[in-house]
Amino acid sequence: MKPLAIVTGVGPGTGASIVRRFAADGYRVAMLARDFDRLAALAQEIPEAVAVPVDVSDAGALTAAVDDLIVRFGTPKVVVHNAVGGAFGNYLDIDPAVLEQNFATNVMALYHLARQVTPRMIEAGGGALIVTGNTSALRGKASFAGFAPTKAAQRILAEAIAREVGPKGVHVAYLVIDAVIDVPWTRERWKEAPDDFFIAPDDIAGEVFHLAHQPKSAWSFLAEVRPYRETW
């Protein structure tokens, strides 16, 4: 049986690229996202991909979906939490309910996933839990109050999990994407930007795959990617 990878937040950019990367290297990939039509189209394109329409901010639905995958395909070898919720604006203007929803997607979904899969990974002899993040996990900026607190909490949660399960054979890593991802809506927003302004989803996927397969003697926790022209 092929090893199972679970990927949350499978959209048309990074998520889809991660699915393609793992499928190309022999994984059966479970794709979790809310958009059933998008998942169905990807499943048609990628024979080893399984569509799992679910809102990861719904803890009960997420738990049921992952339990079903484990029954059908066994303990996942890799889980990638790529789902993201964000809102941008002045902290006085952002509805508190929106921030709570973003915490549910970015932080609590990771919490539930980790509780569900890492004990099974330990039993199975190892595995990897990779979380995709961005620079909001490292700093708070004006107009980011509806987003940055959730990504910072996500990073700290991932680190706490890493310190707990790393010595037991489960690799947890947090990938900071310090760039504008090359998808249609960002191309529309930055119409005049050159190609090398953007980061390619396929290249992000390559780094996610690399982190998930690092040798045990040289595990990373915090990794960053950015285009070569990006200033530090």
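Residues numbered from 1 in each chain as written. Predicted model: local features only at pLDDT ≥ 70, side-chain atom pairs only at ≥ 80, totals over all residues. Heavy atoms only, no water.

(A) Examining the overall build of the protein chain more closely. Looking only at helices and strands, one finds seven helices and nine strands in the protein chain. In summary, the protein chain has a C-alpha radius of gyration of 17 Å against a globular reference of 17 Å for 232 residues, a match within 12%. Once the C-alpha set of the protein chain is aligned to its principal axes, its extents read approximately 45 × 40 × 35 Å. Looking at the protein chain as a whole, 49% of its 232 residues are labelled buried. Accessible surface computed for the protein chain: about 11,200 Å², of which carbon and sulfur atoms make up 54%. Taking the average location of the 22 positive side-chain charges in the protein chain and that of its 26 negative ones, the two points are 5 Å from each other. (Helix = DSSP H or I, 4+ residues; strand = E, 2+ residues; numbered from the N terminus. Rg over C-alpha atoms; globule rule 2.2 N^0.38 Å. Buried < 20%, exposed > 50% of the residue type's maximum accessible area, 1.4 Å probe, protein only. Areas by Shrake-Rupley, 256 points an atom, 1.4 Å probe, with all protein chains shown as cover. Lys, Arg positive; Asp, Glu negative; His and termini not counted. Charge placed at Lys NZ, Arg CZ, Asp CG, Glu CD.)

(B) Up close: the pairing of strand 2 (residues 28–33). Of all six residues that make up strand 2, five are buried, and the element is covered over most of its length. Assessed by its sense of winding, the connection that carries the chain from strand 1 (residues 4–8) through helix 1 (residues 14–24) to strand 2 is right-handed. Across five bridges, strand 2 lies against strand 3 (residues 49–53) in parallel orientation. Each residue of the ladder has a partner; that of Ala30, found in strand 3, is Val50. (Right-handed = clockwise from strand over helix to strand, strands pointing away. Pairing = 2+ DSSP bridges.)

(C) Summary view of the sheet that holds strand 2. With parallel pairing, the seven strands of this open sheet are ordered in space as 3-2-1-4-5-6-9. If you trace the sheet from one side to the other, it starts and ends with strand 3 and strand 9 (222–225), each paired once. Pairs of neighbouring strands in the sheet enclose a mean axial angle of 20°, with direction left out of account. Sitting on the sheet, helix 3 (residues 59–73) is in contact with strand 1, strand 2 and strand 3, with an inclination near 165° to strand 2. Of the strands in this sheet, strand 4 (78–81), strand 5 (127–134), strand 6 (170–177) and strand 9 touch helix 5 (residues 148–165), which is tilted by about 155° from strand 6. (Axes fitted to C-alpha atoms, helices over the stretch in contact; angles between N-to-C directions. Contact = heavy atoms within 4.5 Å.)

(D) Expanded view of the packing of aromatic side chains. According to the stated counting rule, one finds seven aromatic pairs in the structure shown. Consider the rings of Phe88 and Phe147, whose centres lie 5.2 Å apart with planes at 55°: the pair is tilted. Here the residue Phe88 occupies a position in the loop between strand 4 and helix 4 (96–124), and Phe147 occupies one in the loop between strand 5 and helix 5, the gap between them amounting to 59 residues. Among the residues examined, Phe88 registers a relative accessible area of 53% and is labelled exposed. When its relative accessible area of 6% is taken as the criterion, Phe147 is described as buried. Taken together, a centroid distance of 6.0 Å and an interplanar angle of 45° make the contact between Trp190 and Phe197 tilted. (Phe/Tyr/Trp six-rings, centres within 6.5 Å; stacked < 30°, edge-to-face > 60°.)

(E) Molecular detail of the environment of Ala40. Topologically, Ala40 is positioned in helix 2 (residues 36–45). Counting along the chain gives 12 residues from Ala40 to Val52, while the straight-line C-alpha distance between them is 9.0 Å.

(F) Up close: the environment of Pro96. Note on placement: Pro96 falls in helix 4. For Pro96, a relative accessible area of 58% translates into the label exposed. Separated by 28 residues in the primary sequence, Pro96 and Asp68 have C-alpha atoms spaced 33 Å apart.

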